Amino acid sequence: MRRRRRKPDPIAKVHRRSAPGSSPGEVLPDPAHPKPVIHVIGYGPDYLIDRDPATPDEAHAFVGQQTMTWINVEGLGDAQVIERFGELFGLHRLALEDTVNVHQRAKIDDFGDVLFIVVRMVNCTDRCGTEQLSMFIGPNWVLTFQEGTPGDPFDRVRQRIRESSGKMRHAGSDYLAYALLDAVIDHYYPVLEVYAERLDDLEDAVLDVRRRAVMDELHAVKSDLLILRRAIWPLRDAIALLGRDEISRVSPDTRIYLRDCYDHVVQVVELVETYRELTADLRDLYMSFLSTRINETMRVLTIISTLFIPLTFIAGIYGMNFDPHVSRWNMPELEWYYGYPLCIAVMLATSIGMLTYFYRQRWIFPSRQ
């Protein structure tokens, strides 16, 4: 039964369950997280096991029987399961605390026999979000913890292990960790392709007067790209540390692959920054286009108002109640036989003259000139 995917927040929020000043290393998972589901893949050059044990002890029993063992735990809702894994594999309490507090930045902690790595996996449905992946690397085992949202980018890694593709069955735990990290990083590419298509569509929609929600869409894209930026920038530093420094759990051969992994991270960082700049440019273009439309509207309204000013002046003069019989200076035009048509003609000539002047000054219809 598939769990319902939690809708990611557009803004990253930190929720620590331990009170300020609490003892370090407390394992207090969020009760809203799903219960742990354990999956074990043990493999060697000539054999493979693929099981779903029910308890940490059953999962730990496979370690040592095979050349390599990968234990994947989906769900962080049970503190006893996580603490039991810590006891069986000798995991540091601070690392366990970081595992259940799923707001961590990408980082690497070397505890001697065990290497602890935190990365953020991207998951996008209607909005973009990230999920924490905590990875413990031992001599002949890799233990990973996921938050428990359905799906992960590791299906291709599992397929390579089952099909004995490449050097997966012949390499150690550091190479398996590299394969998992590479899958996490490569999963950013299809997500960024989606945003590239959205930005192409929004680029056309910015100048489309029928699209009323362009600003809302641009704001949503900007928020999602900010989430991706917060996830990928620390990952770049972490991968650079793995590929550059001498770490006991990473062999020199695997370090070469990690350098290639670092190149992929740099490409993703550049794409994210490029799309963020494009989003900002599209917002500026939309605001400029909106301002231009408002100015055009105000220009038309101003011209209409300007045309009626002299007409109102003429109508106002001849609307005054002077009696021409009292004095010859009291509006003699009121007794003219063609007074009314003449007044209309003067108004019409004034309007045509003003429109002609506006046209020659390029205040109206400038594109036709």
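The coordinates are above.
Note that the structure is a prediction, hence the values are computed from the model and not measured.

Enquirer: Which parts of the structure should I look at to understand the sheet that holds strand S6 (residues 128-137)?
Expert: Note: strands within a sheet are paired through backbone hydrogen bonds, in either parallel or antiparallel orientation. Taking strand neighbours across the sheet as the criterion, the 7 strands line up as S2-S1-S3-S7-S6-S5-S4 in an open arrangement whose pairing is mixed. Every interior strand has two partners, whereas the edge strands, strand S2 (48-51) and strand S4 (107-110), have only one. The sheet shows a mean angle of 15° between the axes of neighbouring strands, direction not considered. When strand S1 (residues 37-43) meets strand S3 (residues 68-74), the two strands line up antiparallel, connected through 7 bridges. Bridging across to S3, Ile38 finds its partner in Val73. Its contacts with the sheet put helix H3 (residues 93-100) on S4, strand S5 (115-124), S6 and strand S7 (141-146), and the angle it makes with S6 is roughly 160°. This element, helix H4 (residues 155-162), spans S1, S2 and S3 of the sheet and lies at about 35° to S1.

Enquirer: Looking at this structure, how should I read the nonpolar core?
Expert: In summary, soluble globular proteins display a tendency toward joint burial of nonpolar side chains. The biggest cluster of nonpolar side chains holds 63 residues, and the ones touching the most others in it are Trp70, Ile117, Met135, Val157, Leu176, Leu228 and Leu242. Looking at this core, the element that brings in the most residues is helix H7 (residues 214-244), giving 11 residues. Contact partners of Val157, with chain neighbours within four places excluded, come to Trp70, Met168, Leu176, Ala179, Leu180 and Ala183. If you look at the next biggest cluster of nonpolar residues, it comprises 24 residues, including Ile82, Trp141, Leu143 and Phe145.

Enquirer: Whenever I open this one, the pairing of S5 confuses me. Can you help?
Expert: One face of the sheet, then the other: side chains in a regular strand alternate in exactly this way. Counting buried positions along S5 yields 9 of 10 residues, so the element is predominantly enclosed. Inspection of the sheet shows S4 paired to S5 by 4 bridges, in the antiparallel sense. From the neighbouring strand, Asp109 faces S5, where its bridge partner is Phe116. The hairpin turn running from S4 into S5, its antiparallel successor, is 4 residues long, and Gly112 in that turn takes a positive phi close to 85°. For S5 and S6, the ladder comprises 10 bridges, and the chain directions are antiparallel. Of the residues in S6, the one forming a bridge with Val119 is Leu133.

What counts and what doesn't
- Residues numbered from 1 in each chain as written.
- Predicted model: local features only at pLDDT ≥ 70, side-chain atom pairs only at ≥ 80, totals over all residues.
- Heavy atoms only, no water.
- Pairing = 2+ DSSP bridges.
- Helix = DSSP H or I, 4+ residues; strand = E, 2+ residues; numbered from the N terminus.
- Axes fitted to C-alpha atoms, helices over the stretch in contact; angles between N-to-C directions.
- Contact = heavy atoms within 4.5 Å.
- Core = buried A, V, L, I, M, F, W, Y, C linked by side-chain atoms within 4.5 Å.
- Buried < 20%, exposed > 50% of the residue type's maximum accessible area, 1.4 Å probe, protein only.

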